[in-house]
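One-letter residues, chain by chain:
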Amino acid sequence: PAVLRQARRLVLDADALNAIAADAPLQALLQQRGQQEGRATVLTPHPLEAARLLACTTAAVQADRVAAAQMLADRYHCTVLLKGSGSVVAAPGHVPPSCCAPTCGCCRYWPAWWARAWRRRPPPMPPSARPPTPAGSMARWPTPGAGHAR
């Protein structure tokens, strides 16, 4: 819980997402965090973790991945990378284009890439893991906490 209150920038994945999904007070902390200036947060769930956070089935997440990612972004006021075949990135009030091919493998690179990008030292990325924008850059991606109505 302290990291939700204190970290300026935070990428949550795996067990952190499962803990939040199972704990209403942690969910409330994450929602509050998203409404604070200067507290950028990225959630990187796979479909089962997204289903737990949304209290629905994995099939429901898979049936409309864009809507599931958007619901998480709006609920927790953060950027969401829904991993899997056809990864989706969403931010409150904004859904960028979906990711690349189902076999790209980029999902495993995103948490580290975001962490380093926030420190302005992005690591070299293999071609299959380049950001899913037409120009291959973050220029068109939402900056967590910037330019979004809250």
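Model, not experiment: these values are computed from the prediction.

Re the packing of helix H4 (residues 47-54) against helix H6 (residues 65-76)
At step 1: Taken N-terminus to C-terminus, the directions of H4 and H6 make an angle of 50°; their axes are 11 Å apart at the nearest point. Considered as vectors, H4 and H6 are oriented oblique to each other. Considering only the axes of H4 and H6, their crossing is left-handed. For the pair H4 and H6, contact is made by Pro47, Ala50, Leu53 and Leu54 and by Arg65, Ala68, Met71, Leu72, Arg75 and Tyr76, respectively.
At step 2: Per-class residue counts for the contact of H4 with H6 are eight nonpolar, no polar and two charged.

Notes on the sheet that holds strand S3 (residues 79-82)
At step 1: Strand order in this open sheet of four strands is S1-S2-S3-S4, and the pairing throughout is mixed. Pairing within the sheet leaves two strands with one partner each, and these edge strands are strand S1 (9-12) and strand S4 (88-90). For this sheet the average axis-to-axis angle between neighbouring strands, irrespective of direction, equals 10°.
At step 2: Two elements, strand S2 (residues 40-43) and S3, share two bridges in a ladder whose sense is parallel.

Overview of the pattern of salt bridges
At step 1: If you walk through the whole model with that rule in mind, you get one salt bridge.
At step 2: With a shortest N-O distance of 2.9 Å, Asp13 and Lys83 are connected by a salt bridge. Remark: Lys83 occurs in the loop between S3 and S4 and Asp13 occurs in the loop between S1 and helix H2 (15-21); sequence separation between them is 70 residues.
At step 3: Residue Asp13 is classed as partly exposed on the basis of its relative accessible area of 27%.

Quick look at H6
One turn of an α-helix holds 3.6 residues; hence residues three or four places apart share an orientation.
At step 1: The terminal C-alpha atoms of H6 lie 17 Å apart, and with 12 residues this matches the ideal 16 Å at 1.5 Å per residue to within 8%.
At step 2: Residues of H6 that are buried: Arg65, Ala68, Ala69, Gln70, Leu72, Ala73 and Tyr76.
At step 3: Buried residues in H6 make contact with helix H3 (24-34), S2, H4, helix H5 (58-63), S3 and S4.
At step 4: Two residues or fewer past H6, His77 is found with a positive phi of approximately 55°.

Observations concerning the nonpolar core
At step 1: One finds Leu12 and Leu43 to be the most contacted residues of the largest nonpolar core, which totals 26 residues.
At step 2: The set of elements that each furnish at least two residues to this core consists of S1, H2, H3, H4, H6, S3 and S4.
At step 3: Here this core gets five residues from one element, more than from any other, and that element is H6.
At step 4: With sequence-adjacent residues up to four places away left out, Leu43 is seen in contact with Leu12, Leu17, Leu30, Tyr76, Cys78, Thr79, Val80 and Leu81.

Considering unusual backbone geometry
At step 1: One non-glycine residue with positive phi stands out, namely Ala55, at about 55°.
At step 2: Looking at the secondary structure, you find Ala55 in the loop between H4 and H5.

What to know about the confidence of the model for the chain
At step 1: Confidence in the prediction for the chain averages 76 pLDDT; 63% of positions are at 70 or higher.
At step 2: Between the elements of the chain, mean pLDDT differs from a low of 62, seen in helix H7 (residues 110-118), to a high of 98, seen in H4.

Quick word on the environment of Thr79
At step 1: Within the secondary structure, Thr79 is located in strand S3.
At step 2: Put simply, Thr79 and Ala90 are 11 residues apart on the chain and 5.7 Å apart in space, counted from C-alpha to C-alpha.

Thoughts on the pairing of S1
Taken residue by residue, a regular strand's side chains alternate between the two faces of the sheet.
At step 1: Burial along S1 is one-sided: the residues Leu10 and Leu12 are buried and none of Arg9 and Val11 is.
At step 2: Relative to S2, S1 runs parallel, the two sharing four bridges. Within S2, the position partnered with Leu12 by the bridge is Leu43.

Cut-offs applied
- Residues numbered from 1 in each chain as written.
- Predicted model: local features only at pLDDT ≥ 70, side-chain atom pairs only at ≥ 80, totals over all residues.
- Heavy atoms only, no water.
- Axes fitted to C-alpha atoms, helices over the stretch in contact; angles between N-to-C directions.
- Helix = DSSP H or I, 4+ residues; strand = E, 2+ residues; numbered from the N terminus.
- Parallel < 35°, antiparallel > 145°, perpendicular 65-115°, else oblique.
- Left-handed = near helix turned anticlockwise from the far one by under 90°.
- Contact = heavy atoms within 4.5 Å.
- Nonpolar A, V, L, I, M, F, W, Y, C, P; charged D, E, K, R; others polar.
- Pairing = 2+ DSSP bridges.
- Salt bridge = Lys/Arg side-chain N within 4 Å of Asp/Glu carboxyl O.
- Buried < 20%, exposed > 50% of the residue type's maximum accessible area, 1.4 Å probe, protein only.
- Expected span 1.5 Å × (residues − 1).
- Core = buried A, V, L, I, M, F, W, Y, C linked by side-chain atoms within 4.5 Å.
- pLDDT = per-residue confidence, 0-100.

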